[in-house]
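Reading the structure
Residues per chain are reported as follows:
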Amino acid sequence: MKLSVNIAGVEFKNPIIAASGTFGFGREYNRFYDVSVLGGICTKGLTLLPREGNAGTRIAETPSGMLNAVGLQNPGADRFIREEMPFLETLNTVVIANVAGNTEDDCVALTRKICQTNVDMIELNISCPNVKEGGVAFGVCPTSVENITRKVKRACTKPLIVKLSPNVSRIADNARAAQNGGADAISLINTLTGMAIDYRTRRPVLSFTTGGLSGPAIKPVALRMTYEAYKSVSVPIIGMGGIMSAEDVLEFMIAGARAVQVGSANIFDPFASFNLVKTLTTLLKACKIEDISELTGSLKVN
Amino acid sequence: MKDIVFTVTHLKFLNKDVFELKLTAPEPLPECRAGQFINLKVADASLCLRRPFCLYKFDKTSVTLIIEIVGKGTRLLAQLKKGDTVTGVMPLGNGFIVEKQHQNIALISGGIGCAPLLAVPLTHPNKNVCAYLGFSDKSKTVLVDEFKKACRVKVSTDDGSYGFNGYATDAFLDDFNSGVFKPDVLLTCGCEPLLKAVQQISRQLKIPAYMTGETRMGCGVGACLVCACAVHEGGKTVQKRACADGPVFLIEDVVL
Ligand SMILES: Cc1cc2nc3c(=O)[nH]c(=O)nc-3n(C[C@H](O)[C@H](O)[C@H](O)COP(=O)(O)OP(=O)(O)OC[C@H]3O[C@@H](n4cnc5c(N)ncnc54)[C@H](O)[C@@H]3O)c2cc1C
Ligand SMILES: Cc1cc2nc3c(=O)[nH]c(=O)nc-3n(C[C@H](O)[C@H](O)[C@H](O)COP(=O)(O)O)c2cc1C
Ligand code: FES
């Protein structure tokens, strides 16, 4: 049975990738299991300079999901390279650096810096809903998606994934824009903007007022967007949003994903990604699937 | 670390809203410290996040928790029956580090904030410990007898219906000012006004104090950064992870 997949020339031993922001830099979960069993690890969103993120309450539980407003807390490029890269380099798995910035220039400078390390790929995060400037601002309008992708691509010596926001009018247009700008792959979805209110205090639960919704609650939206993106671009797609089980992985692949990322599930259960790799093998056997790649885009349209 | 499948061996209500839950593990547990916590899965697929609870008592194969029913998750946990299983990761967080030179220890708590403090005298039988346990009124008092078995205790109620009339911090200051007890360190857990009061006391009396709070959490293991606790460090305010860098912090440093 073949579990490995290839995305923009990078070989993943299986299609399970830990999603940005839910897996730190891999150290914490490596205390639970050898994280090298995963196809890949995507780092917490990095910025050129360190960021402390938002103060106060950053999480709220919602039915079958959660809202977060971390605000891109991260150690910045230099400390990432100095303190986290040496550990990541010891792992036998694909390392993807998730990069973000307030301006196009920041994103370009950061990409240039990170490309000098041994990371395998760059994931450009133009879709973070939890920062006041930048982030999602680049990710909404197709023209700005194309522009920033083009600029970052020019500075990027590694395969470039562009991570799309779901908080847009037409995901297909944004996927196409990223492809036109030179993206080697597209990942989606980031979190959906949402809100939680405490009726007793009449205040938002999150200090940032709004937050990003993730978890099983967003899976139907994520599947639809994966499917629409798949129909509109030729570059490989990494699907995510609410993946909890091996069945979910197959569904995303059938919709068009070549690999998937697993986010909130890691937060709900420290062994989530590890168990997914194991149960995926069992499920493929039961379904008599020889090569997992045959699933990608195999949806039978009604 | 492991995800441990525990069996419920005991569940007892201490008052209308608070219950004691004893969980027994199938194999020896890792060593634990007062102030550490467990992140427990709730048996309802729509409640995705685990619930963090302090370890109240622990031994080689079991942990006991004191849980107050405040919402959906705790209500479900209260319905567990002897023999049911629950999954959780533990021990998490730093816990209270009791230093050698801290011979005299004052515990100051509000409500069920006393739960994580009991393990301090239990695991340090040679220290001189006095617990100042505050409750809103007599009907809310819990665990007083357990503390009495382990250390000296002074109970206070906000309305004076039992013990000292006032807050736990008032009861402590009463003893301190009259020279009854001069601790080397204060350990505290409770609501924010209590923590603020202890922070002030710590600054004024120049006695180090450690607190543990209730920050909302996600992973509980340090990976998702949703459990920010603002702490002064080197002239700056930085966001620490309550689950991994805490939950116990030097109160002096915490932005309350
Ligand atoms: C380190 C730590 C130790 C704790 N120890 C204890 C303990 O020993 N005994 C005890 O009764 N409670 C303790 N708490 C609080 C306990 O975790 C919450 O009361 C519980 O999670 C509420 O769950 P719920 O589903 O009933 O409430 P809901 O309000 O329905 O929960 C919704 C969400 O908010 C979170 N939440 C709600 N209230 C709190 C709170 N006060 N603190 C943190 N998260 C909250 C829940 O975890 C959940 O994610 C502790 C909290 C932390 C962070
Ligand atoms: C706590 C948290 C932090 C996140 N941080 C980032 C981030 O820094 N960069 C990013 O591109 N996505 C971030 N995400 C989004 C996830 O990578 C993922 O796109 C989203 O959560 C949907 O997948 P899921 O439902 O499996 O969690 C974060 C998500 C969560 C829950
Ligand atoms: S709860 Fe995830 S880092 Fe603390």
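Please refer to the structure placed before this passage.
A few points on the structure. Since we're looking at a predicted model, the values are computed, not measured.

Calculation notes
- Residues numbered from 1 in each chain as written.
- Chains lettered and ligands numbered in written order.
- Predicted model: local features only at pLDDT ≥ 70, side-chain atom pairs only at ≥ 80, totals over all residues.
- Heavy atoms only, no water.
- Helix = DSSP H or I, 4+ residues; strand = E, 2+ residues; numbered from the N terminus.
- Contact = heavy atoms within 4.5 Å.
- Areas by Shrake-Rupley, 256 points an atom, 1.4 Å probe, with all protein chains shown as cover.
- Lys, Arg positive; Asp, Glu negative; His and termini not counted.
- Charge placed at Lys NZ, Arg CZ, Asp CG, Glu CD.
- Near = heavy atom within 4 Å.
- Polar contact = N/O pair within 3.5 Å; in protein donor to acceptor, adjacent residues only side chain to side chain.
- Nonpolar A, V, L, I, M, F, W, Y, C, P; charged D, E, K, R; others polar.
- Buried < 20%, exposed > 50% of the residue type's maximum accessible area, 1.4 Å probe, protein only.
- Buried area = accessible area lost by both parts, 1.4 Å probe.
- Salt bridge = Lys/Arg side-chain N within 4 Å of Asp/Glu carboxyl O.
- Pairing = 2+ DSSP bridges.
- Axes fitted to C-alpha atoms, helices over the stretch in contact; angles between N-to-C directions.
- Parallel < 35°, antiparallel > 145°, perpendicular 65-115°, else oblique.
- Left-handed = near helix turned anticlockwise from the far one by under 90°.
- Expected span 1.5 Å × (residues − 1).

Once that is clear, we can look at the overall build of chain A. When you go through chain A residue by residue, the secondary structure sums to 10 helices and 16 strands. Expressed along its principal axes, the backbone C-alpha trace of chain A runs to roughly 50 × 50 × 40 Å. Long-range pairs, those at least 24 residues apart, make up 73% of the contacts in chain A between residues at least 6 apart in sequence. Of the roughly 11,600 Å² that chain A leaves accessible, carbon and sulfur atoms contribute 51%. Taking the average location of the 31 positive side-chain charges in chain A and that of its 27 negative ones, the two points are 3 Å from each other.

This part takes up the site of ligand 1. Around ligand 1, a shell composed of 19 residues is seen, among which P52(B), I66(B), G73(B), T74(B) and E214(B) lie nearest. Around ligand 1 the close residues trace back to chains A and B. With respect to ligand 1, the backbone of I66(B) contributes an N or O atom lying 2.7 Å from a nitrogen atom. Measuring from an oxygen atom of ligand 1, one finds a backbone N or O atom of G73(B) at 2.7 Å. Protein contacts shield 88% of the accessible area of ligand 1, which totals 830 Å² for the unbound molecule. Contributing elements (two or more residues each) for the shell around ligand 1: β4 (51-54), β6 (62-68) and α1 (72-78) of chain B. The dominant element in the shell around ligand 1, judged by the number of residues it contributes, is β4(B), at 4 residues. Partitioned by chemical class, the residues of the shell around ligand 1 number 9 nonpolar, 4 polar and 6 charged.

All right, on to the environment of M217(B) then. Residue placement: M217(B) occurs in the loop between β13 (209-212) and β14 (228-233). For M217(B), a relative accessible area of 10% gives the class buried. With 20 residues separating them in the primary sequence, M217(B) and A197(B) have C-alpha atoms 25 Å apart. Setting aside chain neighbours within four positions, we find M217(B) in contact with I59(A), F37(B), L49(B), P52(B), V226(B), C227(B), A242(B) and C243(B).

The immediate surroundings of ligand 2 are formed by 25 residues, with S20(A), K163(A), G215(A), G242(A) and S264(A) found nearest. Neighbouring residues of ligand 2 are distributed over chains A and B. A distance of 3.1 Å separates an oxygen atom of ligand 2 from a polar atom in the backbone of G45(A). Between ligand 2 and S264(A), the relevant distance is 2.6 Å, taken from an oxygen atom to a side-chain nitrogen or oxygen of the residue.

Glancing now at the interface of chain B and chain A. Listed as interface residues are 27 residues of chain B and, on the opposing side, 32 residues of chain A. Of the roughly 2,400 Å² buried where chain B meets chain A, counting both sides, 59% is carbon and sulfur surface. Its largest share of buried area at the contact with chain A, chain B owes to M1(B), C48(B) and Q239(B), together 25% of the area lost on that side. Counting across the chain B and chain A interface gives 3 salt bridges. As a salt-bridge pair, R51(B) and E61(A) come within 2.7 Å of each other at their nearest N and O atoms.

Residues and elements named next belong to chain B. On the basis of which strands lie adjacent, the open sheet formed by 7 strands has the order β11-β10-β9-β8-β12-β13-β16 and mixed pairing. Two strands close off the open sheet at either side, each with one partner strand: β11 (164-165) and β16 (248-250). Across 4 bridges, strand β12 (residues 185-189) lies against β13 in parallel orientation. Its bridge partner being in β13, C189 is matched across the sheet by T212. Across the sheet, helix α4 (residues 168-177) touches β8 (104-110), β9 (128-135), β10 (152-157), β11 and β12, and the angle it forms with β9 is around 140°. Running at roughly 170° to β12, helix α5 (residues 192-205) makes contact with β8, β12 and β13 of the sheet.

Once that is clear, we can look at the packing of helix α3 (residues 104-115) of chain A against helix α5 (residues 142-155) of chain A. Geometrically, a packed helix pair is captured by the angle between its two axes and the distance between the axes. Residues and elements named next belong to chain A. Two numbers describe how α3 lies on α5: the axes approach to 8 Å, and their chain directions differ by 30°. One finds that α3 runs roughly parallel with respect to α5. Here α3 runs over α5; the crossing is right-handed. On α5, the residues that touch E104, C107, V108, T111, R112 and C115 of α3 are N147, I148, K151, V152 and A155. Residues belonging to the contact of α3 with α5 are distributed by class as follows: 6 nonpolar, 2 polar and 3 charged.

Here α3(A) contains 12 residues, and its C-alpha end-to-end distance of 16 Å stays within 8% of the 16 Å for a straight helix at 1.5 Å per residue. Residues C107(A), V108(A), L110(A), T111(A), I114(A) and C115(A) constitute the buried set of α3(A).

Turning next to the side chain of Q261(A). Mapped onto the elements of the fold, Q261(A) is located in strand β16 (residues 259-262). Here E123(A) takes part through its side chain, which lies 3.1 Å from a polar atom of the side chain of Q261(A).

Right, let's get into the packing of α5(A) against helix α6 (residues 171-181) of chain A. Residues and elements named next belong to chain A. For the pair α5 and α6, the least separation of the axes is 7 Å and the interaxial angle reads 25°. Classified by the interaxial angle, the pair formed by α5 and α6 is roughly parallel. Seen from above, α5 lies across α6 with right-handed handedness. Residue-level contacts link P142, V145, E146, T149, R150 and K153 of α5 to D173, N174, A177, A178, N180 and G181 of α6. Here the contact of α5 with α6 is composed, by residue class, of 4 nonpolar, 4 polar and 4 charged.

The values reported here are purely geometric and, on their own, carry no functional implication.
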